[in-house]
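Residues per chain are reported as follows:
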Amino acid sequence: RSGSRWVSGGRTVNWGILRKIISRGGSFYTRMILGFPVADWTGGFNAWRAHVLRGIGLESIVSNGYSFQIELKYRSLQKGFKGIEVPIVFEDRRVGQSKMSWRIIIEALGRVWAMRCG
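Rules used throughout
Residues numbered from 1 in each chain as written. Predicted model: local features only at pLDDT ≥ 70, side-chain atom pairs only at ≥ 80, totals over all residues. Heavy atoms only, no water. Phe/Tyr/Trp six-rings, centres within 6.5 Å; stacked < 30°, edge-to-face > 60°. Helix = DSSP H or I, 4+ residues; strand = E, 2+ residues; numbered from the N terminus. Lys NZ or Arg CZ within 6 Å of the ring centre and 35° of its normal. Axes fitted to C-alpha atoms, helices over the stretch in contact; angles between N-to-C directions. Parallel < 35°, antiparallel > 145°, perpendicular 65-115°, else oblique. Left-handed = near helix turned anticlockwise from the far one by under 90°. Contact = heavy atoms within 4.5 Å. Nonpolar A, V, L, I, M, F, W, Y, C, P; charged D, E, K, R; others polar. Core = buried A, V, L, I, M, F, W, Y, C linked by side-chain atoms within 4.5 Å. Buried < 20%, exposed > 50% of the residue type's maximum accessible area, 1.4 Å probe, protein only. Expected span 1.5 Å × (residues − 1). Arc of directions from axis to C-beta.

Colleague: Where do I start with the packing of aromatic side chains in this structure?
Modeller: Two aromatic rings, taken as a pair, are described by how far apart their centres are and by the angle between their planes. Summed over the entire model, instances satisfying the criterion amount to 3 aromatic pairs. Judged by centre distance (5.9 Å) and plane angle (70°), the ring pair of Phe36 and Tyr74 falls under edge-to-face. With a gap of 38 residues between them, Phe36 in the loop between α1 (17-34) and α2 (50-56) and Tyr74 in helix α3 (residues 65-78) connect regions that are remote in the sequence. Chaining the aromatic ring pairs together yields one cluster made of Trp6, Trp15 and Phe90. The ring of Trp15 is capped by Arg19, whose NZ or CZ atom sits 4.0 Å from the centre of that ring.

Written out as structure tokens, the structure is:
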């Protein structure tokens, strides 16, 4: 199961417009390239069954950052495992700072193509 900010009933709280555009745009971009109808590719609130992680070869995941979430979901779908997205309300952090950077965004954009072609 994956918590999704972008399915019916899911949403974000206290997010700026740029952050919403990046998150939604990244999921749209990924959906178009990888061809699976996942609404929230970069969401990190997920529950994985151990047999799924073993089945996708967790030890061979090469991605970092947001592309790590994408690669886990993509590999599981490729192997025929079924994912279920459930709505979550994701509130912006009150303490600390996001790890989001342009380097991470660019890495994720390239990694999606590497997954598709690999």
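Colleague: What am I meant to see in the packing of α3 against helix α4 (residues 102-117) here?
Modeller: The relative placement of two packed helices is expressed as an angle between their axes plus a distance between the axes. With their axes 8 Å apart at the nearest point, α3 and α4 run at an angle of 20° to one another. In this view, α3 runs roughly parallel relative to α4, as classed from their interaxial angle. In this structure, the crossing between α3 and α4 has a hand that is right-handed. Contacts between α3 and α4 pair Tyr66, Ser67, Ile70, Glu71 and Tyr74 from the former with Ile104, Glu107, Ala108, Arg111, Val112, Met115 and Arg116 from the latter. Residues that form the contact of α3 with α4 fall into these classes: 7 nonpolar, 1 polar and 4 charged.

Colleague: How should the nonpolar core be read in this particular structure?
Modeller: Generally speaking, a soluble globular protein has its nonpolar side chains buried in company with each other. By size, the foremost hydrophobic cluster in this structure holds 9 residues: Ile33, Leu34, Val38, Trp41, Ile70, Tyr74, Leu77, Val112 and Met115. Examining the composition of this core, we find that 3 residues originate from one element, α3, more than from any other. Leaving out residues up to four positions away in the same chain, Val112 has contacts with Tyr29, Thr30, Ile33, Leu34 and Ile70.

Colleague: Please explain α3 as it appears in this structure.
Modeller: In an α-helix there are 3.6 residues to a turn, and that puts residues three or four apart on one side. With 14 residues, α3 ought to run about 20 Å at 1.5 Å a step, and its terminal C-alpha atoms sit 21 Å apart, in line with that. Buried within α3 we find Ser67, Gln69, Ile70, Glu71, Leu72, Lys73, Tyr74, Ser76 and Leu77. For α3, the secondary structure elements touched by its buried residues are β1 (2-4), α1, α2 and α4. Of the residues trailing α3, Gly80 is marked for its positive phi of about 95°.

Colleague: Please explain α1 as it appears in this structure.
Modeller: Over its 18 residues, α1 extends 25 Å from the first C-alpha to the last, a length consistent with the 26 Å expected when each residue adds 1.5 Å. Regarding α1, the residues found buried are Ser23, Gly26, Ser27, Thr30, Ile33 and Leu34. With its buried residues spanning 140° around the axis, α1 presents them on a single face. Facing away from the buried side of α1 by over 90 degrees, the exposed positions are Ile17, Leu18, Ile21 and Met32. Check the buried side of α1 and you find it contacts α3 and α4. Positive phi shows up at Gly35, right after α1, with a value of about 80°.

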